[in-house]
Amino acid sequence: MSVDVSRVARRLRRQLPAAFRLPTEADPAPEPRHLAAVCAWAAALGLGGMAVALRAFVGLIAQYRPWYTPTVVVIGLVGLACTIGSFASVHRRRLPFALLGAASVSLVAGWIVTGW
């Protein structure tokens, strides 16, 4: 089973701009319940992220581990990018929630890594 990389790349170039574009004034407003759900989930992730950041700060000061800083930073950036992507795709039906789910997994991974 062979994957045609150029075909996949063309498909991604065609679909990604439509999925992740910031809305303009000409676009209809998203459904209020949909937007409220995305905002509430993102707010919960933000509060959880602050707790993980505090644990990471304590872990950075407590003991030197060369792998710790890059790992925590990458996990945090992945979660942040997924959360930002969920707002950029708020006009889509399921994509924002899939991205917030990925951000939640990132938050849990951050909690696990900072607990050592």
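Right above here is the structure, for reference.
Residues numbered from 1 in each chain as written. Predicted model: local features only at pLDDT ≥ 70, side-chain atom pairs only at ≥ 80, totals over all residues. Heavy atoms only, no water.

A word on the packing of helix α2 (residues 32-62) against helix α4 (residues 95-114). The contact between α2 and α4 brings their axes to 10 Å, and the two run at 15°. Viewed along their axes, α2 and α4 adopt a mutual orientation that is roughly parallel. Judged by the sense of rotation from one axis to the other, the crossing of α2 with α4 is left-handed. Side by side, α2 and α4 meet where H34, A37, V38, W41, A42, L45, G48, G49, A51, V52, R55 and A56 of the first sit next to P96, F97, L100, G101, A103, S104, L107, G110, W111 and T114 of the second. When grouped by side-chain class, the residues that make up the contact of α2 with α4 number 14 nonpolar, seven polar and one charged. (Axes fitted to C-alpha atoms, helices over the stretch in contact; angles between N-to-C directions. Helix = DSSP H or I, 4+ residues; strand = E, 2+ residues; numbered from the N terminus. Parallel < 35°, antiparallel > 145°, perpendicular 65-115°, else oblique. Left-handed = near helix turned anticlockwise from the far one by under 90°. Contact = heavy atoms within 4.5 Å. Nonpolar A, V, L, I, M, F, W, Y, C, P; charged D, E, K, R; others polar.)

Further remarks concern the packing of aromatic side chains. Enumeration over the complete set of coordinates arrives at two aromatic pairs. On the basis of an interplanar angle of 75° and a centroid distance of 5.7 Å, the ring pair of W67 and Y68 is categorised as edge-to-face. We classify W67 as partly exposed; its relative accessible area is 40%. On the accessibility criterion, Y68 (1% relative accessible area) is buried. Here the guanidinium or amino end of R55 rests over the ring plane of W111, the centre of that ring lying 3.7 Å away. We note R65 situated over the ring of Y68; from NZ or CZ to the ring centre the distance is 4.2 Å. (Phe/Tyr/Trp six-rings, centres within 6.5 Å; stacked < 30°, edge-to-face > 60°. Buried < 20%, exposed > 50% of the residue type's maximum accessible area, 1.4 Å probe, protein only. Lys NZ or Arg CZ within 6 Å of the ring centre and 35° of its normal.)

Before going further, it helps to spend a moment on α4. With 20 residues, α4 should reach 28 Å at 1.5 Å per residue; the first-to-last C-alpha distance of 29 Å fits that figure. Looking only at α4, the buried set comprises P96, L99, L100, A103, S104, S106, G110, V113 and T114. On its buried face, α4 is in contact with α2 and α3 (68-88). (Expected span 1.5 Å × (residues − 1).)

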